[in-house]
Amino acid sequence: MESLYIISKSIKKMKIKLLVIFIGALFLSVSAYSQSSKYFLKGTINRSHDGQLAVLSKMDEKSIVFKTDTTIIEEGYFYFEGNEFLSNLSSVHIVDKLGSKTGQELELLLESGNIFVDFTGDRPILHGTPQNNLYMIYTDSIKFFNNTIIEIEPKWTTEIVIFPDSELEYQYFSMGNYIMNFIKNNYNKELGKILLMRNLDLGVIPIGIYVSKNLEKLDEIFAFVDNKTRNHPRFISFMESINSAKYSSEIVGKKVSDFLLITPEGNEIYLTDYIGKKDYVFVEFWASWCKPCLQSIPQFKEIYSKYSDKLEIVSISLDMENAGWINALKTQGMEWPQLANFEGFDSDIAEAFRIKSIPFGLIVNKEGTILHIGGSMMLKLFVESKLN
């Protein structure tokens, strides 16, 4: 029995050793996991910035900063570490001792691993983790396209005018093609999904032009997008805007339909009553609350003063209330016809042209055919080429 007892003690000791080994292995694995899910951001900068703050900002999916961390720059170095954050790009910038931002801001992905940023040169450099290396390739390529575009883009004050089949349109199209291919090829990574969401806006000119040139291939272009993204409000809104833009391009060359509208005096009048009396009519949609619309009024005044003998401007307000519209008319002093119907974007005329944003304008000839869609700068270029 004693020998049996001795064997039992040996087994007990073995169990204790195994338990210790298991706990140790578990601790090491948890520690390794903890390390593997952390980022280590190491920055270099000229020593003249010593004592200033490096600021790391995290952004939500709407690119709004929701958390900021700071660290003091010492001997030309700064350092951050934390848990991996891949919901959106974050950014790093430098703040001087007076609290003013200095130099350029650098966007990056807080991916686990060692991330290196260098602020010593003309522009910040990023490298280290796989997705940040990819993002640096992407930003370098976008910079190349932008530098080319800057050389040929007209320096308008408020608008960019891009003529069909121009070199400028080609460069924007090429840039949009690069962006969409980059996103598609990297959509299995967080970076690809982030860049797609950032570019879901027809206000992003390269994407707008690329998509507008490929309207018949929309299903093919976005075939890689997963169902989660397809059901996201921004993607749904983007596709609705594309369909609206598609319809807008289709109305060029068609006749203007008739609509019953209201004058400032409260009288009813048809839109077609203004067509045919002068060579051209510019039908402009605006509202008293629309800042870009109000900013365009001085340009319209200049155009109207020069070309009112051959050009009529008809402004149609999408205001919902009479008071705001009338007050704006009094303060702005527009001398051309003013009309409204107080149903906003739900009005029959807004829905007919699928207007989702303003300002929005149409150039119509004497026969009532729609020639162009655009804003004040497009109108200026048109009348200078046709009526001078």
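Above this note sits the structure.
Let me begin by describing the structure that accompanies this report. (Residues numbered from 1 in each chain as written. Predicted model: local features only at pLDDT ≥ 70, side-chain atom pairs only at ≥ 80, totals over all residues. Heavy atoms only, no water.)

Turning to helix α10 (residues 322-332), its buried residues number three or more, namely Trp325, Ile326, Ala328, Leu329 and Gln332. Mapping the buried residues of α10 onto a view down its axis gives an arc of 160 degrees, with all of them on the same face. Exposed and oriented more than 90 degrees from the buried face of α10 are Lys330 and Thr331. In this structure, the buried side of α10 is in contact with β9 (260-262), β11 (280-286), α9 (291-307), β12 (311-317) and β13 (338-340). Glycine 333 lies just past α10 and shows a positive phi near 60 degrees. (Buried < 20%, exposed > 50% of the residue type's maximum accessible area, 1.4 Å probe, protein only. Helix = DSSP H or I, 4+ residues; strand = E, 2+ residues; numbered from the N terminus. Arc of directions from axis to C-beta. Contact = heavy atoms within 4.5 Å.)

This part covers the pairing of strand β15 (residues 370-373). When a strand is regular, its side chains alternate between the sheet's two faces. Of the pairings in the sheet, the one linking strand β14 (residues 360-365) to β15 comprises three bridges and is antiparallel in character. Looking across to β15, one finds that leucine 362 is bridged to isoleucine 373. Where β14 folds back onto β15 in an antiparallel hairpin, the turn is made up of four residues, including glycine 368, whose phi is positive at roughly 85 degrees. (Pairing = 2+ DSSP bridges.)

So, on to the nonpolar core. Nonpolar side chains tend to gather and get buried jointly when the protein is soluble and globular. Core analysis: the largest hydrophobic core is formed by 54 residues, its most contacted members being Leu41, Phe78, Val117, Leu126, Val211 and Phe222. With seven residues, helix α3 (residues 167-185) is the largest single contributor of residues to this core. Those residues in contact with valine 211 that lie beyond four places of it in its chain are Leu218, Phe222, Phe238 and Ile242. In this structure, Ile251, Ile269, Leu318 and Ile326 belong to the second largest nonpolar core, which totals 51 residues. (Core = buried A, V, L, I, M, F, W, Y, C linked by side-chain atoms within 4.5 Å.)

Another aspect to go through is the packing of aromatic side chains. In the structure shown here, the tally under the stated rule is 22 aromatic pairs. With centroids separated by 6.0 Å and ring planes inclined at 35 degrees, the aromatic side chains of tyrosine 178 and phenylalanine 182 adopt a geometry described as tilted. Taken together, the residues span about one helical turn, with tyrosine 178 and phenylalanine 182 both in helix α3 at a distance of four residues. Ring plane angle 75 degrees and centroid distance 5.1 Å describe the contact between tyrosine 187 and phenylalanine 224, whose orientation is recorded as edge-to-face. Here the residue tyrosine 187 occupies a position in the loop between α3 and α4 (190-198), and phenylalanine 224 occupies one in the loop between α6 (218-221) and α7 (227-230), the gap between them amounting to 37 residues. Taken together, Tyr135, Tyr138, Phe144, Phe145, Tyr178 and Phe182 form an aromatic cluster joined through their ring pairs. (Phe/Tyr/Trp six-rings, centres within 6.5 Å; stacked < 30°, edge-to-face > 60°.)

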